[in-house]
Amino acid sequence: MSSAVRVRDLSEAEILARIFPILPVASSAVVPTGDDSAVFDVVGDTTISTDMLIQDRHFRTEWSTGFDVGFRAAQQNIADAVAMGARPVSLVVGLGMPGETSVDWVEDFARGLADACEPWGIGVDGGDLVSAQEICVSITVMGDLEGRPPLLRSGALPGHKVVFAGNLGHGIAGYELLQAGYDRSDSHPGIAGLIDDFLRPKPPVGIVLEAARSGVLASLMDVSDGLIRDLGRIAQASRVWIDLDPLVLNSLLGPIALAAGRLSADRRQWALSGGEDHGFIGTMDADTPLPAGFTQIGTVRGPDQHGRISLADRSLDINGFGWDHFRLP
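The structure reproduced in this document is the subject of the present report. (Residues numbered from 1 in each chain as written. Predicted model: local features only at pLDDT ≥ 70, side-chain atom pairs only at ≥ 80, totals over all residues. Heavy atoms only, no water.)

## Examining the state of the cysteines
And then number 1: Inspection of the entire model under this criterion finds zero disulfides.
And then number 2: With no disulfide of its own, Cys-117 lies closest to Cys-136 among cysteine sulfurs, the gap being 19 Å. (Disulfide = S-S within 2.5 Å.)

So this is what it looks like as structure tokens:
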């Protein structure tokens, strides 16, 4: 029988005493964790977003360590702030878990949060612990627009370049590899890397924030539910027709080719429908040079009342692609 200390063996205060020293504090926190609410000093308008991870719906403990879950939970929220053009400032974390959860897992979870946050000076400045039937994570991220207007989905205009930054299809490739019995110990670095990119997504925070600060982006969003579904949200919000370049898209699919070959999968379908990469899609003026790290993958062709995406002269059903949280898996 394992001698590991379980959550049920400690009080809430004792658990918090173990994880507080691991977590970073936001540089703008006037009153940090420990009071009823944290207090922040920020420069401009503030963005707020919340996201959740539920055991066996969004992650599996047989695949993911506590570090993986903490890192992933932080990154997907960080990406939501950056997608508005905001500098992520602070996370507030709610964690529900069964009493038999190992305290080592909880500490590892905190280390994952810290590892994702510390490079960008983001704090983990409060939250809540509760008992639950399964592990569930809820994170709220606060972002500082630093005096800039937010980057909205409704900012795309006819003639704009459609631009992308980040990985495309890595998340779904890593997920399908795990489903097929592969893991990060695979001897081929391409296979192991895709699995790691699913378990620990790596949004290109630095280059996207730099582009946002430069003012060249007209619209922007995080690609979390699949390229077509999320780009379709820009098309619908902006009421435009977006035409994607199939040759450019194909050029981005090299890293997932080996995995698609091993699993006899369609790598283009992975790229169009797969989510959880947390790359960024947006639009910008046609005459403006591309920011570093971005690729033009299409063009906004003209107005469209309902929002439309086309690829290789074929209109796509936006709702037929990507992730829907209430669709059966």
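## Here's the deal with the pattern of salt bridges
And then number 1: Per the stated rule, a full pass over the model turns up 17 salt bridges.
And then number 2: We note a salt bridge from Arg-87 to Asp-144, for which the minimum N-O separation is 3.4 Å. Separated by 57 residues along the polypeptide, Arg-87 in strand E4 (residues 87-97) and Asp-144 in strand E6 (residues 136-144) bring together distant segments of the chain.
And then number 3: A residue is classified by how much of its surface remains accessible, and Asp-144, at 1% relative accessible area, is buried.
And then number 4: Of the charged contacts in the structure, one is a salt bridge between Arg-233 and Asp-230, with a shortest N-O distance of 2.5 Å. Residue Arg-233 and its partner Asp-230 are both found in helix H7 (residues 227-238); the two are separated by three residues, about one turn of the helix.
And then number 5: For Arg-233, a relative accessible area of 23% gives the class partly exposed.
And then number 6: We classify Asp-230 as buried; its relative accessible area is 0%.
And then number 7: Through salt bridges with shared partners, a single ionic network connects Asp-68, Arg-184, Asp-196, Asp-197, Arg-200 and Lys-202. (Salt bridge = Lys/Arg side-chain N within 4 Å of Asp/Glu carboxyl O. Helix = DSSP H or I, 4+ residues; strand = E, 2+ residues; numbered from the N terminus. Buried < 20%, exposed > 50% of the residue type's maximum accessible area, 1.4 Å probe, protein only.)

## Some words on the pairing of strand E11 (residues 295-303)
And then number 1: Relative to E11, strand E7 (residues 161-165) runs antiparallel, the two sharing four bridges. Bridge pairing links Lys-161 to Thr-299 in E11.
And then number 2: Relative to E11, strand E9 (residues 240-244) runs antiparallel, the two sharing five bridges. The residue bridging Asp-243 from the neighbouring strand is Thr-299, located in E11. (Pairing = 2+ DSSP bridges.)

## Digging into unusual backbone geometry
And then number 1: Despite not being glycine, Ala-312 shows a phi value in the positive range, around 55°.
And then number 2: For Ala-312, the location among the structural elements is in the loop between strand E12 (308-311) and strand E13 (314-316).
And then number 3: A positive phi is found at Asp-313, a non-glycine position, where the angle reads about 65°.
And then number 4: Summarising the element assignment, Asp-313 is placed in the loop between E12 and E13.

## A closer look at the side chain of Asn-77
And then number 1: Mapping Asn-77 onto the fold places it in helix H2 (residues 66-82).
And then number 2: Relative accessible area serves as the criterion here: at 0%, Asn-77 is assigned to the buried category.
And then number 3: A polar contact is formed between the side chain of Asn-77 and the backbone nitrogen of Asp-51, at a distance of 3.4 Å.
And then number 4: A polar atom in the side chain of Asn-77 sits 2.8 Å from the backbone oxygen of Ala-73.
And then number 5: Setting aside residues no more than four positions away along its own chain, Asn-77 makes contact with Ser-49, Thr-50, Asp-51, Leu-91, Ile-139, Thr-140 and Val-141. (Polar contact = N/O pair within 3.5 Å; in protein donor to acceptor, adjacent residues only side chain to side chain. Contact = heavy atoms within 4.5 Å.)

## What to know about the pairing of strand E8 (residues 217-223)
And then number 1: Most of E8 sits out of view: six of its seven residues are buried.
And then number 2: Bridge analysis of E8 against strand E10 (residues 279-284) gives six bridges, and the strand direction is antiparallel. When the bridges of E10 are listed, Met-221 appears paired with Ile-281.

## Things to note about the layout of surface pockets
And then number 1: In this structure, the second largest pocket occupies an estimated 430 Å³ of space.
And then number 2: Around the second largest pocket sit 24 residues that line it, and Asp-51, Asp-80, Arg-153, Asp-222 and Ser-224 are the ones nearest its centre.
And then number 3: When residues of the lining of the second largest pocket are traced back to their parent elements, those giving at least two are strand E3 (46-54), H2, E8 and H7.
And then number 4: With seven residues, the top contributor of residues to the lining of the second largest pocket is E3. (1 Å grid on protein atoms, 1.4 Å probe; cavity = no way out; pocket = protein on both sides within 12 Å on 5 of 7 lines; lining within 4 Å. Points joined across faces, edges and corners; volume = space filled by probe spheres on them.)

## Quick notes on the nonpolar core
And then number 1: Within the largest apolar cluster, 49 residues are counted, with the highest numbers of intra-cluster contacts made by Leu-91, Val-93, Leu-95, Val-106, Phe-109, Leu-113 and Val-137.
And then number 2: Aside from chain neighbours lying at most four places away, what touches Val-137 is Asp-51, Met-52, Leu-53, Val-69, Ala-73, Val-93, Gly-94, Leu-95 and Phe-109.
And then number 3: Residues Ile-195, Leu-231, Ile-242 and Leu-244 belong to the second largest nonpolar core, which totals 40 residues. (Core = buried A, V, L, I, M, F, W, Y, C linked by side-chain atoms within 4.5 Å.)

None of the figures reported here should be taken as evidence of function without further support.
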